[in-house]
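Residue-level listing of the chains:
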Amino acid sequence: MMEALRVSADTFGHRGFRDPQAAIVGAALLGLDVFVLMPTGGGKSLCYQLPAVMAPPGTVSVVISPLISLIHDQVQQMRAIGVEAGCITGGMPDEQCAAVMQAMLAPPGGATVGPCMVYVTPERVVKSGRFRSVLSRLHADGRLGHFVIDESHCVSLMGHDYRHDYANLGCLRDEYPGVPIMALTATATEEVVADVTKLLRMRFDAQSRSPMALIRAARLAGGAPSPTAQPCCLFRKSFNRPNLRYSVVEKPRGRVADVVLDLMKKYPGESGIVYTLSRQQAEDMASAVCKRTGREDAAVFYHAGADDAVKQANQQAWQAGKATVMAATIAFGMGINKPDTRWVVHASLPKSLANYYQESGRAGRDGEPADCVLVWRHADFKSQERMILDPDSGRGGAEARAAGAPRRAPMRPNQLDHHARGRLASLGTMLDYARDMVKCRREHVLAHFGERFSPDQCGGTCDNCERRRKSTKIDVAPAAMAMLGIVRTCPRTLTTTQLVGAFRGALKPTAKGRAKGGGQDRMAAVMSHPSYGAGAAATFTKDELSAIVQQLLAEGCLFKEDEMNKAGYNTPRLVLGPRASAFLASPGRKWLLPVRQTGRVQATGAAESKMALRVPQRHAQALERELRAAVAEHLKAEPGGW
Ligand code: ADP
Ligand code: MG
Ligand code: ZN
């Protein structure tokens with residue numbers, strides 16, 4: 001390892017290793033299969049570059065990377081520090097490709113020094129017979145170092161950037177047995193890791209020992225075993241960004257500018273980004289900020305539809321700190337590097353939690369405190385959903401029709417292809433994040449990367465944790481009871497929103513129900529239910545009531561069951577959970593839940609009595625009767641609970 005440190009310093013100019021680079025390099029040098037899950041900017045490249053540089057002369061590692069521009073960048077960087085690296089990509093003239101392949105085959109110790117790393121696109125490996133025969137010759141001579149698969153989430157259909165040629169990379173293991181594989185990515189859930197390793201024919205075992213134990217075992221076994229003789233080493237670096245503060249605001253769109261102005265006040269003179277859904281919104285946002293600050297250069301915009309000159313000028317103005325705010329679509333992002341970005345606001349719902357992590361993660365790269373604020377409303381979800389179900393409804397469709405293409409009909413979820421279904425599911429993760437008023441935001445984000453995060457570690461640096469710290473605990477048992485009572489006896493299953501609506505007495509009959517004359521509609525049945533509106537006079541906000549439902553779910557008093565309708569729309573419906581009967585059977589118990597004190601609470605007195613459920617007399621009696629009956633029935637059916 002001392003040798004690795006020395007080469008890292010001499011060749012790459014790094015003073016030390018970042019965690020867990022040293023262990024990864026160690027495993028690679030031992031010839032083990034390695035999977036690296038590390039956030040963007042974490043330092044993945046060094047993990048394969050260093051072993052390649054340290055390999056015996058004549059050894060060639062093949063680095064597979066999806067983007068030609070990235071490949072050229074990397075090769076240039078390597079050459080700049082005196083490392084012999086080559087590349088073969090589409091668009092390169094044939095003679096040039098042939099020269100690189102010849103250099104790969106150059107015998108060690110000869111006059112020409114061959115490359116220790118060759119960067120290629122996956123198409124090359126999968127489709128080019130000539131390239132494959134070069135690899136076979138190197139393999140026969142024992143001169144193939146590693147196969148490095150960068151951005152390896154592209155292998156999996158479940159990853160968000162699936163590439164067909166990546167999926168075929170499994171052939172490497174079969175054709176060149178014994179050559180260790182290193183797969184790297186910054187975005188992969190547990191399932192994606194399992195899928196990628198399976199497709200690449202790496203041995204992955206979720207239950208396997210820690211990578212350090214695997215390395216030790218390999219050392220004891222006397223150095224390089226066959227990579228397939230033991231499970232691959234999985235290294236992951238935490239994706240948590242402790243200096244970022246996460247919060248969510250549900251607001252009408254017009255007030256996103258308020259949030260932006262607040263952040264400008266919080267970080268005077270420092271830069272931020274507002275992401276909007278449409279190009280027009282980006283321009284509108286920039287002019288709104290200029291108008292409200294009275295400064296013409298306060299904000300600039302960026303989107304794919306703008307002139308190149310405008311884009312360049314605006315990006316430069318923002319980069320140099322002349323313009324404080326960049327209002328942009330997600331076209332703005334790739335390749336920007338402004339570590340002192342102090343905040344990122346999303347003026348609409350991002351496509352997925354993974355996208356949100358990437359986009360909001362552009363804040364605070366310098367490690368100083370920064371804010372990530374999501375401003376959204378339910379209509380955002382609906383319009384994103386429409387873009388998936390009815391792709392021709394947007395700008396793309398209008399352009400296609402202008403070019404003579406017929407308009408495609410909107411689809412229902414069960415008509416979608418695999419890919420679109422994945423997008424719909426990803427959007428769902430974002431909606432869950434936005435709606436959740438209880439769970440730590442970091443827990444949400446990190447769970448997406450298969451990382452378990454304890455909210456204690458958040459230290460109140462997300463809005464939900466902060467609220468929990470500041471809030472007063474009040475007894476919500478009566479409200480929770482009433483809601484369980486509604487679920488228990490309701491003639492139809494309800495969603496969280498409908499349950500909250502039923503409790504508040506604020507459901508609207510559906511159009512179909514009205515047409516049928518009320519009584520026959522299932523929603524109307526809910527509305528004529530005795531406990532409908534039990535909490536009409538209670539002082540809880542909708543959010544607080546949703547929080548109580550979340551808590552009931554967490555406690556096992558309620559369960560969510562997916563109910564799919566004929567069109568394939570999946571709606572989570574609430575049913576009683578295994579612990580509901582115990583809860584219903586203890587009417588005297590108190591259930592303290594942190595609830596935010598809002599302006600709506602007008603009553604005076606102790607917090608507890610302030611928020612207590614106010615049930616109108618006629619409802620109260622009906623409710624009590626119904627609850628008693630429900631409890632009695634439960635106990636009769638299942639003595640002692642479930
Ligand atoms: P990733 O591929 O994980 O997104 P990179 O490999 O491009 O990240 O590395 C990001 C930056 O971190 C690069 O500028 C690189 O030079 C730097 N870096 C990597 N390892 C170290 C290290 N051990 N010490 C200092 N800087 C490092
Ligand atoms: Mg990288
Ligand atoms: Zn938190």
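Residues numbered from 1 in each chain as written. Chains lettered and ligands numbered in written order. Predicted model: local features only at pLDDT ≥ 70, side-chain atom pairs only at ≥ 80, totals over all residues.

Asks: In this structure, what is going on with the site of ligand 1? I would like to understand it.
Replies: Taken together, H14, F17, R18, Q21, M38, T40, G41, G42, G43, K44, S45 and L46 form the complete shell of residues around ligand 1. When residues of the shell around ligand 1 are assigned to their parent elements, the largest contribution, three residues, is made by helix 3 (residues 44-54). Across the shell around ligand 1, the residue classes break down as three nonpolar, seven polar and two charged. (Near = placed C-beta within 6 Å. Helix = DSSP H or I, 4+ residues; strand = E, 2+ residues; numbered from the N terminus. Nonpolar A, V, L, I, M, F, W, Y, C, P; charged D, E, K, R; others polar.)

Asks: Got a minute to help me understand the nonpolar core in this structure?
Replies: Side chains that are nonpolar tend, in soluble globular proteins, to be buried together. One finds V34, F35, V36, V118, Y119, M182 and C233 to be the most contacted residues of the largest nonpolar core, which totals 68 residues. At five residues, the largest contribution of residues to this core is made by helix 3. Among all residues touching C233, those that are not within four sequence positions of it are A27, L32, V34, P211, L214 and I215. Counting residues in hydrophobic clusters, the runner-up holds 54 residues, among them F332, V344, C372 and L374. (Core = buried A, V, L, I, M, F, W, Y, C linked by C-beta atoms within 7 Å. Buried ≥ 20, exposed ≤ 12 C-beta atoms within 10 Å, placed from the backbone. Contact = placed C-beta atoms within 7 Å.)

Asks: Would you mind going over the sheet that holds strand 8 (residues 244-250) with me for this structure?
Replies: Across a sheet, strands are paired by hydrogen bonds formed along the backbone, either parallel or antiparallel in direction. The six strands lie next to each other as 8-13-12-9-11-10, forming an open sheet whose pairing is parallel. Here the strands that pair on one side only, and so sit at the sheet edges, are strand 8 and strand 10 (299-302). Sheet twist, expressed as the average angle between the axes of neighbouring strands with direction ignored, equals 15 degrees. The pairing of strand 12 (residues 343-346) with strand 13 (residues 370-376) spans four bridges and is classified as parallel. Within the sheet, the bridge partner assigned to H346 lies in strand 13 and is L374. (Pairing = 2+ DSSP bridges. Axes fitted to C-alpha atoms, helices over the stretch in contact; angles between N-to-C directions.)

Asks: Explain the pairing of strand 2 (residues 60-64) to me, please; I cannot follow it from the model alone.
Replies: The two faces of the sheet receive side chains in turn, since in a regular strand these alternate between them. Within strand 2, five of the five residues are buried, which leaves it mostly tucked inside the rest of the structure. Across the two faces of strand 2 the burial is the same, with V60, V62 and I64 and S61 and V63 all buried. Across four bridges, strand 2 lies against strand 5 (residues 144-149) in parallel orientation. Bridge assignment links V60 to a residue of strand 5, and that residue is L144. One ladder, built from four bridges, connects strand 2 with strand 4 (residues 117-120); its direction is parallel. When the bridges of strand 4 are listed, V63 appears paired with Y119.

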